[in-house]
Amino acid sequence: MLESVINSGDVFRVKYPFVRVTVEVPDSDPEGQGFATIQSWRPGVEFVPCGPCGDDSEAQCNAEGEMVLTVVDVHKPGKFPARVFFTRQWVDPNGKAFGKGKLHIMTAQAFKRRARGYMHEYEITPECPS
């Protein structure tokens, strides 16, 4: 997949861990000054203490979604390494896409590592229904 050349317009979709979090958002009432508490997804993992003394920890997530990397352009500036210009979006485990359209820049080598997926091992521990 990533052994070859990266081209403009390429889209890479990779599995990514997500953690369930509680967040406060502005209330839907236009005149209201309050906030509502909702459940949402955050990309990444949580480190949970484990082991007999609690000195060690393991990475855990509640579910998997996707990270979507879209290549805008690739540029090789003279003798310097090729740079990949790309945008990143997230697709949460429920299938909802979100994320800003911010332009990111990495060397081609670093981009290939990122496009392989989450770099570390993690365990999926679905949350208990409450």
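What counts as what
Each chain has its residues counted from 1, following the order in which its sequence is written. Predicted model: local features are reported for residues with pLDDT of at least 70 only, side-chain atom pairs are reported and counted for 80 or more only, and whole-chain, interface and lining totals are derived from all residues. Note that water and hydrogens are dropped before the side-chain values are worked out from all heavy atoms of the structure. Starting at the N terminus, helices and strands are each numbered in turn, a helix being any DSSP run of H or I of at least four residues and a strand any DSSP run of E of at least two. Each radius of gyration is computed over the set of C-alpha atoms, and the globule rule expresses the reference value as 2.2 Å times the number of residues to the power 0.38. Burial classification: accessible surface area is computed with a 1.4 Å probe over protein chains only, and a residue below 20% of its type maximum counts as buried, one above 50% as exposed, and the rest as partly exposed. Residue contacts are defined here by distance: any two heavy atoms, one from each residue, within 4.5 Å place the two residues in contact. Using a 1.4 Å probe, accessible areas were evaluated by the Shrake-Rupley method; residue-level cover was limited to the displayed protein chains. For the charge count, each Lys or Arg is scored as positive and each Asp or Glu as negative, with His and the chain ends excluded. Note on charges: their place is set at NZ of Lys, CZ of Arg, CG of Asp or CD of Glu.

Peer 1: How do you make sense of the overall build of the protein chain when you look at a structure like this?
Peer 2: Looking only at helices and strands, one finds one helix and nine strands in the protein chain. Along the protein chain, helices (α) and strands (β) appear in the sequence β-β-β-β-β-β-β-β-α-β when read from the amino end. Taken against the 2.2 N^0.38 rule, which gives 14 Å for 130 residues, the C-alpha radius of gyration of the protein chain at 19 Å runs more than 25% over that of a compact globule. Counting all 130 residues of the protein chain, 26% fall into the buried class. Excluding contacts between residues fewer than 6 apart, the proportion of contacts in the protein chain whose partners are at least 24 apart in sequence is 54%. Accessible surface computed for the protein chain: about 8,900 Å², of which carbon and sulfur atoms make up 52%. The average position of the 15 basic charges and that of the 17 acidic charges among the side chains of the protein chain differ by 14 Å.

Peer 1: For this particular structure, what's the right way to read the environment of Val84?
Peer 2: Within the secondary structure layout, Val84 lies in strand S6 (residues 83–91). We classify Val84 as buried; its relative accessible area is 0%. In this structure the C-alpha to C-alpha distance between Val84 and Gln109, which are 25 residues apart in sequence, comes to 9.1 Å.

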